[in-house]
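Descriptive structure summary
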Amino acid sequence: MAEIILNTEKLSVGYGKRIILSGIDISAERGKILTLIGPNGAGKSTVLKTICRQLEPLGGAVYIGKNRLDELKVDTLAKSVSVLLTGRVKTEFMRCRDVVEMGRYPYTGKLGILSSDDRKKADEAMAIVGVAGLADCDFDSISDGQRQRVLLAGAICREPEILILDEPTTFLDIRYKLSLMTLLKRLVAEKNVAVIMSLHELELAQRVSDNILCIRENSPDRYGTPEEIFSGGYISRLYGVSESSFCEAYGSSELEKLEGKPEVFVIGGGGSGISVYRKLRRWGIPFTAGIIHENDIEYPVAAALAADVITERAFEPVSEANVRKAIEIMGSCRSVICAISHFGTMNDGCRRLLEEAKKLCILEKGET
Ligand SMILES: Nc1ncnc2c1ncn2[C@@H]1O[C@H](COP(=O)(O)OP(=O)(O)OP(=O)(O)O)[C@@H](O)[C@H]1O
């Protein structure tokens, strides 16, 4: 079992005398990523600020190893914990390199003089997060995403045991989001760092976390592995969205479905219908999708966006009853779009739908 490096006991957090969350019992392990998720304003940042001593606990305690956080010396804490919180960092006339090198301050002594080793570590960190080219740029004159990565370089060049990150992906484009996640995985695997972070991107939280703490309305709600958290419709309840608009398997979301009488019938399957469903949703056209097997890759998208889905049991050939039902619904639609170009044994019923649509002359032009 991994060693617990930070844990809380009945922790209460908040501002002044106002408690935002209480009863927080979490453990962060070396070599593991713990992610906090939950709706806006739930208290994720407040927890992170409290466990890195930016805020006083309003009850309970935080421990780093065997020591209470409030009893640790500042320099001991600074060497073991690196923090990247949201909010602007105040800097004036600082180059990016200076900001990164500030990460080494627990090691530089009272005069703040950097050794060649400190500079080397700062250079390495800049190279790892891809900001070496910005080293001599004015920190206040770079983009938000670049600034985020420079701050991250500062946080990792300290070589902490615990890395605390509040919404680290906020300003990053997809490439840097993915490279940040890869970097975090490397830090935990190779350096045995414990990462504690908050994330809004659920698909990233699902893929990268070892454990997830879900926070909702004044209390920690659920704690577990991604498999435990992303199941049974829990995430939809946590965020108050309809169950069909969030796909647990992929950690992705769709727009809320359009209700109303279907105007279009989409013959789909095997993933071919996904782009058609999304296009119709963007255009505001209610539609029926069919005949989709329950285990089809596109079933979650069809279920999220279609006013109605005609489904077939997994691994079973399309039934006669479903073909008849689909033909009846097709007849009441103004058009049919066939998204599939290949028919096999299991979806032979869909080929019959296509033939029927041709007979009814309601097949959309340009779609076969
Ligand atoms: N400095 C502050 N003083 C007083 N209350 C605050 C302060 N900062 C945040 N709050 C309040 O604490 C609550 C929790 O805020 P917090 O920023 O921790 O939530 P969060 O889960 O991180 O939200 P988000 O996902 O929107 O970033 C909110 O009600 C917020 O208004």
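In this report, we go over the structure that sits alongside the text. What you see is a predicted model, and the numbers here were worked out from it, not measured in a lab.

Turning our attention to the overall build of the chain. Along its length, the chain carries 13 helices and 17 strands. A compact globule built from 368 residues should have a C-alpha radius of gyration of about 21 Å, whereas the chain, at 26 Å, is more than 25% larger. Judged by the C-alpha coordinates and their principal axes, the chain covers about 85 × 45 × 35 Å. Split into buried and exposed, the 368 residues of the chain put 41% on the buried side. Taking the contacts inside the chain whose residues are at least 6 apart along the sequence as the reference set, 67% of them involve residues at least 24 apart.

With that settled, the discussion passes to the packing of helix α4 (residues 116-128) against helix α5 (residues 144-157). Between α4 and α5, the least distance of the axes is 8 Å, while the angle of their chain directions is 135°. In terms of orientation, α4 and α5 fall into the oblique class. For the element pair α4 and α5, the recorded crossing hand is right-handed. Judged by residue contacts, Lys121, Ala122, Ala125, Met126 and Ile128 of α4 engage Ala153, Ile156 and Cys157 from α5. For the contact of α4 with α5, a count of residues per class yields seven nonpolar, no polar and one charged.

Let us now look at the sheet that holds strand β7 (residues 81-84). Taken together, the six strands give an open sheet; going across it, the order is β7-β8-β9-β4-β10-β11, and neighbouring strands pair in mixed fashion. A single partner strand is all that each edge strand has here, and the edge strands are β7 and β11 (219-224). Across this sheet, the average inter-strand angle for adjacent strands is 15°, counted without regard to direction. For strand β8 (residues 162-166) and strand β9 (residues 194-198), the ladder comprises five bridges, and the chain directions are parallel. From the neighbouring strand, isoleucine 162 faces β9, where its bridge partner is alanine 194. Sitting on the sheet, helix α1 (residues 44-51) touches β4 (33-37), β8, β9 and β10 (211-216), and the angle it makes with β9 is about 145°. Those strands touched by α5 are β7 and β8, and its axis lies near 170° from that of β7.

As a matter of local geometry, the ligand sits amid Tyr15, Ile20, Gly38, Asn40, Gly41, Ala42, Gly43, Lys44, Ser45 and Thr46. When grouped by side-chain class, the residues that make up the shell around the ligand number three nonpolar, six polar and one charged.

The two faces of a sheet get side chains in turn, since along a regular strand they alternate between them. When strand β15 (residues 287-293) meets strand β16 (residues 308-312), the two strands line up parallel, connected through four bridges. Within β16, the position partnered with isoleucine 292 by the bridge is threonine 311. For the segment spanning β15, helix α11 (residues 299-305) and β16, crossover handedness is right-handed.

Conventions and cut-offs
Residues numbered from 1 in each chain as written. Predicted model: local features only at pLDDT ≥ 70, side-chain atom pairs only at ≥ 80, totals over all residues. Helix = DSSP H or I, 4+ residues; strand = E, 2+ residues; numbered from the N terminus. Rg over C-alpha atoms; globule rule 2.2 N^0.38 Å. Buried ≥ 20, exposed ≤ 12 C-beta atoms within 10 Å, placed from the backbone. Contact = placed C-beta atoms within 7 Å. Axes fitted to C-alpha atoms, helices over the stretch in contact; angles between N-to-C directions. Parallel < 35°, antiparallel > 145°, perpendicular 65-115°, else oblique. Left-handed = near helix turned anticlockwise from the far one by under 90°. Nonpolar A, V, L, I, M, F, W, Y, C, P; charged D, E, K, R; others polar. Pairing = 2+ DSSP bridges. Near = placed C-beta within 6 Å. Right-handed = clockwise from strand over helix to strand, strands pointing away.

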